[in-house]
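Coordinate analysis (summary)
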Amino acid sequence: MAPLRISFLIRSVYGFLPSNANLVRWGKKEDPTCPLCQCKQTTEHVLSSCKIALSHGRYTWRHNRDLQELAAIISSAKGETTLPKTNALIFKTERGAKS
Ligand SMILES: [Zn+2]
């Protein structure tokens, strides 16, 4: 597993991702609210609890993207060259950029 993924996994398990609540705690930001729903934005909120993100299909999109990556890894390990098609969804980030 890539070092950045391991880092993300560890920080997500222990609640040390840069959520707005953590950024306020670390003195980097003044507003701990979620830009989508105005609830306190904790790590848990970002990863699984935001009702607006859920209604926009963001969790399903992220889940499906991860499964597609796993399928590609399995296909590659089996020596297959055909990768599964992706259904790209574009979401606007807090800063207006698209992800
Ligand atoms: Zn939210």
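Residues numbered from 1 in each chain as written. Predicted model: local features only at pLDDT ≥ 70, side-chain atom pairs only at ≥ 80, totals over all residues. Heavy atoms only, no water.

Labelled according to an unreviewed UniProt entry, the protein chain appears under the name Reverse transcriptase zinc-binding domain-containing protein, originating from Elysia crispata.

Moving on to the coordination of the zinc ion. Within the protein, C34 (SG), C37 (SG), H45 (NE2) and C50 (SG) serve as the donor atoms for the zinc ion, at 2.1 to 2.3 Å. Note that the zinc ion binds four donor atoms; their angles at the metal cover 97 to 116 degrees, and the shape is tetrahedral. Each donor residue of the zinc ion lies on the same chain, and together they follow the pattern C-x2-C-x7-H-x4-C. One end of the pair, C34, is in the loop between α2 (20-25) and α3 (43-49); the other, H45, is in helix α3, and 11 residues separate them in sequence. (Donors = N, O, S within 2.8 Å, 3.2 Å for Na, K, Ca; no water. Tetrahedral: all angles 85-135°; square planar, octahedral: opposite > 155°, others 65-115°. Helix = DSSP H or I, 4+ residues; strand = E, 2+ residues; numbered from the N terminus.)

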